[in-house]
Structures are given as structure tokens and as C-alpha cells.
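Spelled out, the chains give:
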Amino acid sequence: MKDYLVRGMVKNRPIRVFACQTTNLVEEARKLHDLWPTSAAALGRMMSSVLMMASMEKNNEKLTVTINGGGPIGTMLCVTRGDGKIKGFVGDPHCMYTNNETGKLAVGYAVGNQGYLQVIKDMGLKEPFVSQVPLQSGEIGDDFTMYFAASEQTPSAVSVGVLVGETNEVLASGGFIVQMMPGATEEDITYVEEALTDFPPVSSQIHDGLTPEEILERLLDDVEILGHQDLKYECGCSKEHFAEALLTLGKSELEDILNTDGFCEVNCQFCNKKYRFEKAELEAMIASL
Ligand code: ZN
């Protein structure tokens, strides 16, 4: 099944909903970064959350989301432009921690909870919008719930999950978000809370073959799907992009590289592709400055 997300409303209630399945793109990220299970689960949960967040924006703003909770995974970063394409990485791709009692992947431990979730929305204006909230548990879903409540004044329930197989491949990934819009009553809130009680984990529902639409319909009555978007992992980097970045180092720094190594190799953090700039290319760059 292809990766995609849907957004919709609950009929006759001020409640909006989002759901996604991201199994393929998280598996793609796992292969690119050689992610071990806890790192894969953490980044996968974050990518599902960020993709749903991006689909709430109206103008395809560039979203850059960073999580750093002081845990062993280090800094996690995801970037999307609201076009369904996402890229991301984690500081330590080789985290493998499980909870002793439940045997589940210990994402909260790997991420840590002594830090922040930061969102930068670049709308093409001079100043990007920057907002930051303290992490709740490092389990990712809770942390995005806090972000929507504190930063966007939108009470939300965020549920994201990743199921990793015995040989580390991603078997299922996805999530859903339920948001209370202005005008929601106590009765609406209770309705959602009751629906969420004992709702099975989203990753196992995806693994069982349920689509994002079916998960929403199982959760709430009268869901009306209003939009659909295909999702994929895409870096989009190029040699030109890295050449521009090198130019920003300035003349003396580039001359330094030329005189010390005679070439320059840069590694893209998002896809691990390597780009090599030879002596003549560096000389041409320096001459252009
Ligand atoms: Zn790249």
C-alpha cells in the first residue's frame, strides 16, 4: 500500500481529523540512515506527526521541526514543504532500547524528556515563525499534543506508532490526530475522550491492513474525508545545492581547504549521498568570489 494521508471533519461537530500511513517512507529512512529499531521508531513517529502538522498549513510553508530531549538519540530533525515529501535524521541512528517490563521499544528513553520540540515555519517572509515547547515524555505523540495545545491553542490527541520486525525492517508506521476546533463543547471533548479509550495501537491497526480512512472511521462516527495527499521520503539535494553552501564559507576558508586537502567531500545528512568537489571546481569557486 502506498503512503498517504487524509484529512477530514466529523460531521456536525467542530472536530477535525488527520490520519496517515508512512510505512514505506519510514522504511526508506531506515535504509538510508541504517536506523536500529528504537531510532527508527522515534524518527518514524516524528515524521508521521510532522507530515500531519504540515497538512494543517494552508500555503505549503517549509516546516523544520527539531526535537532534542537530552537522551542518547541526540537531535532529531525533519523538514517538509507541505507537498507530502519529507526528509529527516537523528543524531544517533543506532539506538536499540526496550522497556524491561513491556518489551516495547523505549522511544521515550532514547529521546529523553529534558528538552524541547521546536517548529520553524518559513512562509517566505523575512522572519520565519519560531515556536518551542518543553518535551513531555519524549514519546513524540505526547510532545506534539503539547505543542498543539501550547503553541496553537488547539486541544488535540496525537497518536503515532511504528512497528519494527525481527530483522529490523519497518512493518507498519502511521498515526492520527484529532483536533477540537473553536466552538467545541464539553460534550464534544468527552465524545473524543471516550472514543480514544482502549483504542488499539495505530501501528498494529496499519499492520492488520487498515487504511488511514478506516482507522478514523473505526475511531469516530460520521467522519467526512476532505483531502488526500501522497507521501514519500525525498531529500532533493544536489551538487549545486552543496556548492552554494560551500560558497558561504568564504574565500579564505575555501583556500584553506584547497591548500590542505586539494578537494572537498560533503555528506548530505538527510540521504547520506556524498558529493566531491575537485581542485579545479574549488579554484573556480574561489575565483567567483
Ligand atoms: Zn540528500
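The structure presented is a predicted model; accordingly, all values stated were derived computationally and were not measured.

Sorry, what's going on with the sheet that holds strand 1 (residues 4–10) here?
Paired through backbone hydrogen bonds, the strands of a sheet run either parallel or antiparallel to each other. Reading across the sheet, the five strands line up as 8-9-2-1-10 and stay open at both edges, with antiparallel pairing between neighbours. Edge strands, defined here as strands with exactly one partner in the open sheet, are strand 8 (156–164) and strand 10 (223–230). Each neighbouring strand pair of the sheet contributes to a mean axis angle of 15 degrees, computed without reference to strand direction. Of the strand pairs in this sheet, strand 2 (residues 15–21) and strand 9 (residues 170–180) are connected by seven bridges, and their pairing is antiparallel. When the bridges of strand 9 are listed, Ala19 appears paired with Phe176. Its contacts with the sheet place helix 5 (residues 186–196) against strand 2, strand 8 and strand 9, and it is angled at close to 165 degrees to strand 9.

When you look at the nonpolar core in this model, what are you seeing that I'm missing?
Note on soluble globular proteins: their nonpolar side chains tend to be buried together. Judged by nonpolar contacts, the single largest core of 68 residues is most densely connected at Phe144 and Phe277. Considering each element in turn, this core owes the most residues, 11 residues, to helix 2 (residues 37–54). Residue-level mapping places this core at the junction of two domains, with at least three residues from each of domain 1 (4–233) and domain 2 (239–288). Apart from the residues lying within four places of it in its own chain, the contact partners of Phe277 are Lys239, Phe242, Ala243, Leu246, Phe263, Cys264, Val266, Leu282 and Met285. By size, the runner-up hydrophobic cluster in this structure holds 22 residues, among which are Val6, Val10, Leu219 and Leu220.

Honestly, the layout of surface pockets in this entry has me stumped. Any pointers?
By rolling a water-sized probe across the atoms, one finds the places where empty space is left. For the largest pocket, the calculated volume is near 720 Å³. Forming the boundary of the largest pocket are 31 residues, of which Arg45, Lys104, Val160, Pro201 and Ser203 lie nearest the centre. Those elements that provide at least two residues to the lining of the largest pocket are helix 2, strand 8 and helix 6 (202–207). Looking at the lining of the largest pocket, the element that brings in the most residues is strand 8, giving eight residues. Among the residues forming the lining of the largest pocket, the class breakdown is 18 nonpolar, nine polar and four charged. Estimates place the volume of the second largest pocket at around 400 Å³. Residue lining of the second largest pocket: 18 residues in total, with Val79, Arg81, Lys87, Cys235 and Gly236 positioned closest to the centre. Among the elements of the structure, strand 4 (76–80), strand 5 (85–90) and helix 8 (239–247) are those that each provide at least two residues to the lining of the second largest pocket. Considering each element in turn, the lining of the second largest pocket owes the most residues, three residues, to strand 5. For the lining of the second largest pocket, the residue count by class is seven nonpolar, five polar and six charged.

Got a minute to help me understand the coordination of the zinc ion in this structure?
Each pair of donors in an ideal four-coordinate tetrahedral metal site encloses 109.5 degrees, whereas pairs in an ideal six-coordinate octahedral site enclose 90 or 180 degrees. Distances from the zinc ion to its protein donors, namely Cys235 (SG), Cys237 (SG), Cys268 (SG) and Cys271 (SG), fall within the range 2.2 to 2.3 Å. Here the zinc ion binds four donor atoms, and the angle range of 104 to 117 degrees at the metal identifies the geometry as tetrahedral. Written as a sequence motif, the donor residues of the zinc ion are C-x1-C-x30-C-x2-C. Classification of Cys268 as buried rests on a relative accessible area of 3%. Assessed through its relative accessible area of 12%, Cys271 is described here as buried.

Help me understand unusual backbone geometry, please; the structure alone is not making it clear to me.
For residues besides glycine, phi is generally negative; the peptide bonds are generally trans as well. Even without being a glycine, Gln153 presents a positive backbone phi close to 50 degrees. The residue Asp222 is not glycine, and still its phi comes out positive at about 60 degrees. Within the secondary structure, Asp222 sits in the loop between helix 7 (212–219) and strand 10.

I'm lost on the environment of Thr211 in this one. Help?
Inspection of the secondary structure puts Thr211 in the loop between helix 6 and helix 7. As a C-alpha pair, Thr211 and Ala19 span 192 residues in sequence and 8.9 Å in three-dimensional space. Residue contacts for Thr211: discarding those within four places in its chain leaves Met1 and Tyr4.

Would you mind going over a nonpolar patch on the surface with me for this structure?
Taken together, the side chains of Met123, Leu125 and Phe129 define a hydrophobic patch exposed on the protein surface, amounting to about 290 Å² of accessible area. Within the element layout of this structure, Leu125 appears in the loop between strand 6 (116–122) and strand 7 (129–134). For Leu125, a relative accessible area of 58% corresponds to the exposed category.

It is not clear to me how the side chain of Lys87 should be interpreted in this structure. Could you clarify?
Locating Lys87 in the fold gives a position in strand 5. Nearest to the buried, unbridged Lys87 among oppositely charged side chains is Glu234, at 8.9 Å. Here Cys235 takes part through its backbone oxygen, which lies 3.5 Å from a polar atom of the side chain of Lys87. Apart from the residues within four sequence positions on either side, Lys87 is in contact with Leu77, Cys78, Val79, Tyr233, Glu234, Cys235 and Phe270.

Basis of the calculations
Residues numbered from 1 in each chain as written. Predicted model: local features only at pLDDT ≥ 70, side-chain atom pairs only at ≥ 80, totals over all residues. Heavy atoms only, no water. Pairing = 2+ DSSP bridges. Helix = DSSP H or I, 4+ residues; strand = E, 2+ residues; numbered from the N terminus. Axes fitted to C-alpha atoms, helices over the stretch in contact; angles between N-to-C directions. Contact = heavy atoms within 4.5 Å. Core = buried A, V, L, I, M, F, W, Y, C linked by side-chain atoms within 4.5 Å. Buried < 20%, exposed > 50% of the residue type's maximum accessible area, 1.4 Å probe, protein only. Domains from an automatic or database assignment. 1 Å grid on protein atoms, 1.4 Å probe; cavity = no way out; pocket = protein on both sides within 12 Å on 5 of 7 lines; lining within 4 Å. Points joined across faces, edges and corners; volume = space filled by probe spheres on them. Nonpolar A, V, L, I, M, F, W, Y, C, P; charged D, E, K, R; others polar. Donors = N, O, S within 2.8 Å, 3.2 Å for Na, K, Ca; no water. Tetrahedral: all angles 85-135°; square planar, octahedral: opposite > 155°, others 65-115°. Patch = residues over 30% accessible without salt bridge, like charges linked within 9 Å, V, L, I, M, F, W, Y side chains within 5 Å. Areas by Shrake-Rupley, 256 points an atom, 1.4 Å probe, with all protein chains shown as cover. Salt bridge = Lys/Arg side-chain N within 4 Å of Asp/Glu carboxyl O. Lys, Arg positive; Asp, Glu negative; His and termini not counted. Polar contact = N/O pair within 3.5 Å; in protein donor to acceptor, adjacent residues only side chain to side chain.

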